[in-house]
Amino acid sequence: MFNSGRRTFSKNEVTSWSLPNYWDFIALILILSIILLIGWAAAGMTTTHYTVGETIPISLDPSALPYYSLRTVLRMLIGLLCSLIFTLTIGTLAAKSKRAEQVIIPLIDILQSVPVLGFQVIAVVPFLALFPNSLLGPECAAIFAIFTAQVWNMTLSFYQSSRTISPELIEAVQMFRLSAWQRFWRVDVPNAMPGLIWNSMMSMSASWFFVVASEAITVANKNITLPGIGSYIAAALPNADLHAVGYAIIAMLIVILAYDQLMFRPLNQWMERFRAEESDDVGRTQPWIISLFEHTRLMRNMGVLIGQFWDAFVNLSWFRQKKTVIQHEHNEWVSKIIVISWYSLVSIIMFTAIAFLVWYIKEAIAWHEVLWVICLGLFTGLRVIVLIFISSLIWVPVGVWVGLRPRATKIVQPLIQFLASFPAYLFFPVVVMLIVRFKLNPEIWTSPLMVLGTQWYILFNVIAGTLALPKDLRQVASNLQVTGWLWWKRLILPAIFPYFITGAITAAGGAWNASIVAEVVTWGDTTIRATGLGSYIAAYATNLNYPHLALGIAVMCLLVVIINRIFWRPLYNLAEKYYFFD
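Residues numbered from 1 in each chain as written. Predicted model: local features only at pLDDT ≥ 70, side-chain atom pairs only at ≥ 80, totals over all residues. Heavy atoms only, no water.

Asker: Honestly, the overall build of the protein chain in this entry has me stumped. Any pointers?
Answerer: Looking only at helices and strands, the protein chain features 24 helices and 4 strands. Within the protein chain, the fraction of its 582 residues that count as buried is 49%. Accessible area for the protein chain stands at about 28600 Å²; split by element, carbon and sulfur atoms hold 69% of it. (Helix = DSSP H or I, 4+ residues; strand = E, 2+ residues; numbered from the N terminus. Buried < 20%, exposed > 50% of the residue type's maximum accessible area, 1.4 Å probe, protein only. Areas by Shrake-Rupley, 256 points an atom, 1.4 Å probe, with all protein chains shown as cover.)

What follows is the structure, encoded as structure tokens:
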């Protein structure tokens, strides 16, 4: 059974409420500083008056970057919180209900391939109407776009973990007679914690990748630039301002290191308490933030009270429903009616949406252009397949090497986060200069930009899968002197296979999304285009040509769903059926 994640304290430690020490004051200053910074940024997001068409000036002065960074990070954290709520609810529903799974998982396959620009076009007008004459409308639209860049890999990771719980844990649940509510918090969530935390890191990095698109919004042919690093980069690129781009890179590095130290390092340490076994990394050092709070008295006592409150919440009698005996003769036909009604409703909604989309596109676009757009989608799809294959060959061995060495993980993790966070926009100067200088083929040399921010999904998930590998199995393989290809075939590949499939599916979906950025490269007055569906969507997104934009997004979603159904989904089912620990 998993460790509950709580630390035990002596009686003197827990009852010394009246004796806070100087560590408490340091921790309190840190907490209050974070709250004040968040409040300062939130005030700018919620209290500022704004009307559509009003210009929000973006200064390229580096002194503005600290405030811009704060606004960007707050949007990302709000998006991450929304993504976590979505993951725990929708991911659980997909894992526990077969009928819900048949709708949710294909829908996620579609949604993760919809470009951020597509979500913005849909969301910005309702949010502006919901919050008229306020900057909160564009802010919500930006947060929604960031949410769509974060949520899908987290949901798939949680779904995969919930479907691959070991039989021993399921047997323990039955033995202790845990309710569904208790099983969720005591087994499902702890079992998913390694993959969920690593995918949360990747989600933060993914939101950096699309930060320019989320903060520079176009509606009714008017540009809305929200204060943030993304808008700062968007203002620097047309001016070919290398100094501003350099300042933005430095600001990103500082911000990534800050939230890594304050959030992800403590979460990684906390994650060890939810593993099925103790870590063998005896000599590791604790993150300084955890050491700080462990030296406090008042804060630790508050932590104990919060833990007790949480235990009481998980064990509430309201959520411990008693099993009721159901009349089997009535249950069978009621179940059939529910199943028929559910599939009928889903079919009606699906066919109605498809019919409306076909009618909408047919009114403005000729059929020969539709065929051409499908060909463009095949060009982009070929790039995605080749890039995911190459990325897998590179990052699977690297991820296994890092995952087997926890000390190396501490060094590599922030580096990976920074590289994964690096927006493709910042490579535009290099790519344009190289293509122009050496007369390279843009059809080939712009392609790596597609996988620049998404290849890390594979690496993060492989690391999470390797970390979840039981130490006993590694020791058995070592004692039996299993090495070389046999070691990979019998031990490593089966163990990381479900995690790799999750990462590869998400990476492929993200690569399709990133094609909009990668197939159109602009630096100053120079624009280089590659043939593909991404450049088609980007061209019509600029002037908001909705029929062509809808056609491009629809073709992209259709191709992603077909590939997932034919290729990725059978592999996912294989991982679930022949999971290593079953």
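Asker: How should a nonpolar patch on the surface be read in this particular structure?
Answerer: Side chains of Leu-382, Val-386, Phe-389, Ile-390, Leu-393, Ile-394 and Val-398 sit close together on the surface and give an oily, nonpolar patch of about 650 Å² of accessible area. Taking the relative accessible area as the measure of exposure, Leu-393 reaches 56% and is therefore exposed. (Patch = residues over 30% accessible without salt bridge, like charges linked within 9 Å, V, L, I, M, F, W, Y side chains within 5 Å. Salt bridge = Lys/Arg side-chain N within 4 Å of Asp/Glu carboxyl O.)

Asker: Sorry if this is basic, but what is going on with the layout of surface pockets here?
Answerer: Take a probe with the size of a water molecule and roll it over the atoms, and the empty space left behind shows itself. By volume, the second largest pocket is sized at about 1300 Å³. What lines the second largest pocket is a set of 37 residues, among which Ile-110, Ile-354, Leu-357, Ala-554 and Cys-557 lie closest to the centre. For the lining of the second largest pocket, the elements supplying multiple residues, two or more each, are α4 (98–111), α5 (116–130), α14 (328–362), α15 (367–403) and α24 (546–577). Tallying contributions element by element places α14 first for the lining of the second largest pocket, with 13 residues. Considered class by class, the residues forming the lining of the second largest pocket number 34 nonpolar, 2 polar and 1 charged. Looking at the lining of the second largest pocket, you find at least three residues from each of domain 1 (56–277) and domain 2 (340–578). (1 Å grid on protein atoms, 1.4 Å probe; cavity = no way out; pocket = protein on both sides within 12 Å on 5 of 7 lines; lining within 4 Å. Points joined across faces, edges and corners; volume = space filled by probe spheres on them. Nonpolar A, V, L, I, M, F, W, Y, C, P; charged D, E, K, R; others polar. Domains from an automatic or database assignment.)

Asker: What's the story with helix α13 (residues 298–314) in this structure? I'm lost.
Answerer: The periodicity of an α-helix, 3.6 residues per turn, causes residues three or four places apart in sequence to face the same way. Taking 1.5 Å per residue as the helical rise, α13 with its 17 residues ought to reach 24 Å, and the 24 Å between its terminal C-alpha atoms agrees with that figure. Within the span of α13, buried status applies to Met-299, Arg-300, Asn-301, Val-304, Gly-307, Asp-311 and Val-314. (Expected span 1.5 Å × (residues − 1).)

Asker: Would you explain the nonpolar core in this entry?
Answerer: Side chains of a nonpolar character, in soluble globular proteins, are inclined to be buried together. Grouped together as the largest cluster of nonpolar side chains are 130 residues, with contacts concentrated most on Trp-208 and Leu-533. Viewed by domain, this core spans two of them, domain 1 (56–277) and domain 2 (340–578), each represented by three or more residues. When residues no more than four places from it in sequence are discounted, the contact partners of Leu-533 are Val-373, Leu-376, Gly-377, Thr-380, Trp-512, Glu-519, Gly-552, Val-555 and Met-556. Ranked by size, the runner-up nonpolar core spans 10 residues in total, among them Ile-56, Ala-141, Ile-217 and Ile-224. (Core = buried A, V, L, I, M, F, W, Y, C linked by side-chain atoms within 4.5 Å. Contact = heavy atoms within 4.5 Å.)

Asker: Got a minute to help me understand the packing of helix α10 (residues 229–236) against helix α11 (residues 242–271) in this structure?
Answerer: Geometry of a packed helix pair, given as the angle between the helix axes and the separation of the axes. Packing of α10 against α11 leaves a shortest axis separation of 9 Å and a crossing angle of 160°. By the criterion of interaxial angle, the relationship of α10 to α11 is roughly antiparallel. For α10 against α11, the interelement crossing comes out left-handed. Across the interface between the two elements, Ile-229, Tyr-232, Ile-233 and Ala-236 from α10 touch Ala-244, Val-245, Tyr-247, Ala-248, Ala-251 and Met-252 from α11. (Axes fitted to C-alpha atoms, helices over the stretch in contact; angles between N-to-C directions. Parallel < 35°, antiparallel > 145°, perpendicular 65-115°, else oblique. Left-handed = near helix turned anticlockwise from the far one by under 90°.)

Asker: Sorry if this is basic, but what is going on with the pattern of salt bridges here?
Answerer: Side chains that differ in sign of charge can pair as their charged atoms come close. Tallying each qualifying case throughout the model produces 11 salt bridges. A salt bridge links Glu-139 to Arg-71; its shortest N-O distance comes to 2.6 Å. Residue Glu-139 is found in helix α6 (residues 136–163), and its partner Arg-71 is found in helix α3 (residues 65–96); the two are separated by 68 residues along the sequence. By relative accessible area, Glu-139 is classed as buried at 0%. Residue class for Arg-71 comes out buried when judged on its relative accessible area of 2%. A salt bridge links Glu-519 to Arg-383, with the nearest nitrogen and oxygen atoms 3.0 Å apart. Taken together, the residues span a long stretch of sequence, with Glu-519 in the loop between α22 (484–518) and β3 (520–523) and Arg-383 in helix α15 at a distance of 136 residues. Take Glu-519: its relative accessible area is 1%, and that puts it in the buried class. Linked by salt bridges that have partners in common, Arg-71, Arg-75, Glu-139 and Glu-215 make up one network.

Asker: So what exactly am I meant to see when it comes to α4 here?
Answerer: The end-to-end C-alpha distance of α4, which contains 14 residues, comes to 20 Å, matching closely the 20 Å that a straight helix rising 1.5 Å per residue would cover. Regarding α4, the residues found buried are Ala-100, Glu-101, Ile-104, Ile-105, Ile-108 and Asp-109. Considered in projection along α4, the buried side chains sweep an arc of 150° and stay on one side of the axis. (Arc of directions from axis to C-beta.)

Asker: Please explain empty space enclosed by the protein as it appears in this structure.
Answerer: Considering all chains together, one arrives at 4 cavities of 30 Å³ or more under this definition. For the largest cavity, the calculated volume is near 140 Å³. Residue lining of the largest cavity: 16 residues in total, with Gln-112, Ala-149, Phe-210, Tyr-457 and Gly-510 positioned closest to the centre. Elements with a contribution of two residues or more to the lining of the largest cavity: α6, α8 (180–209) and α22. Both of domain 1 (56–277) and domain 2 (340–578) provide at least three residues apiece to the lining of the largest cavity.

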